[in-house]
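Report on the structure
Okay, here's what each chain looks like letter by letter:
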Amino acid sequence: MADEGWVELGPGVFRRRYAALDQGICAILADDALLLVDTRATFTEADELLADLRHLAPLPVTHVVNTHAHFDHVFGNARFVPAETWAHERCARRLREDGERLRGEAIAWARTGGPGMAALVEGLAGVRIVPPDHTVGDDGAVLEIGGRLVELHHLGRGHTDGDLVVAVPDAGVIASGDLVEEGAPPSFEDSFPLEWPDTLDAIAALARSMAEGAGAPAIAPGHGAVVDVAFVERQALALRAVAATARACHAEGLTAGDAARRVDLPPAVAAVAVARAYAQLDGHI
Ligand SMILES: [Zn+2]
C-alpha cells in the first residue's frame, strides 16, 4: 500500500492510512482544536501519528474519540494526554476494568502473526493503558470543538457493545470505527451479529440524512479504504444473511459448526460469527 499521507475527506477532516493493520485514523481540525479519532496500538505507533499530525496542522490534539475498546483504537491514548478522551461508557468501563485482559489477548493474537509482529508484541507489552475520561451513553453526544459540531453516535451494538460513530455534518464525513470493514471480513470476536445489520442500516440512514443538501458523505472505516453509503448497505445485507442463517440453523437444532459451513464468510471468520450469534440466541451474551 502506497503512503498517500493525509487525505482530506471533507473541509478540515483528514484521514491517514497506515500499513500497520491497514488502519485509518481521522483528524478533525477546527480553529484552535484538533479532534483525533482513535490512537493506534502502541506508543511507537502513537508517536508516529503525533509526528504526522505536526505536518498537518500546528495544533495540539485537544480531543480524542475512541470508537471502541480494541487495542489498535485505544492503546495509544496515553500519548495524547491531556486531551479530553471520549468513548462510549461501555468502552471506557472495559478499558478500566479489563484493560490487562485486553492487553493479554492482543499480545496472544499478535504472537500468532509470527516474527513480523515481534515489534507489535513488544509495543503492546510496554503500553500504559489510559481509559477515556469522558463518556457518553446510548444517546450519544454533540461536541463543539473550535466552533465546529462533532456528533458522537451510538447506533446499536455491532462490532462490540460500545461502538461510537463520529459524524462531522459540515464536512460530510462519518468515521465508523470497525462497524464498517473494508479490505477484510468484519471482525466478530466481541460482536453482536444479530444486531449488527441494524446498526449498519442506522449508519447508512445517518449518511443519507447528511447527504441531503450536501454531497455524498465519505465513510471512513477503522481499517481499509474510504467507502460510500452503498458499501455500508451491502455490508448490512451480507451481515443480515449471516444472522438469518445462524437463526435458521439454531432453530433447526444444528451445531454451530454445521451452521458456520452454511455462512458465506471465510471458515475461521464464519466460526466466530456463528459462535457469537448462537451465544446471543442462547442468551449467553
Ligand atoms: Zn475492532
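Now for a quick tour of the structure. (Residues numbered from 1 in each chain as written. Predicted model: local features only at pLDDT ≥ 70, side-chain atom pairs only at ≥ 80, totals over all residues. Heavy atoms only, no water.)

1. As for the sheet that holds strand S12 (residues 218-221)
- The strand order across the open sheet formed by 5 strands is S8-S9-S10-S11-S12, and the pairing between neighbours is mixed. Edge positions in the sheet fall to strand S8 (141-145) and S12, since each has one partner strand and no second. Neighbour-to-neighbour, the strand axes of the sheet open up by a mean angle of 20 degrees, direction not taken into account.
- Alignment of strand S11 (residues 173-177) against S12, held across 4 bridges, turns out to be parallel. Note that in S12 the partner of Val173 across the bridge is Ala218.
- Taken strand by strand, helix H5 (residues 196-211) contacts strand S9 (148-153), strand S10 (165-168), S11 and S12, and its axis lies near 170 degrees from that of S11. (Pairing = 2+ DSSP bridges. Helix = DSSP H or I, 4+ residues; strand = E, 2+ residues; numbered from the N terminus. Axes fitted to C-alpha atoms, helices over the stretch in contact; angles between N-to-C directions. Contact = heavy atoms within 4.5 Å.)

2. Focus on helix H8 (residues 267-281)
- When the terminal C-alpha atoms of H8 are compared, their 21 Å separation across 15 residues agrees well with the 21 Å that a helix rising 1.5 Å per residue should span.
- Every buried residue of H8 is accounted for by Ala270, Ala273, Val274, Arg276, Ala277, Tyr278, Ala279 and Gln280.
- Residues of H8 that are buried make contact with helix H6 (229-252) and helix H7 (256-261).
- Phi turns positive, to about 75 degrees, at Gly283, one or two residues after H8. (Expected span 1.5 Å × (residues − 1). Buried < 20%, exposed > 50% of the residue type's maximum accessible area, 1.4 Å probe, protein only.)

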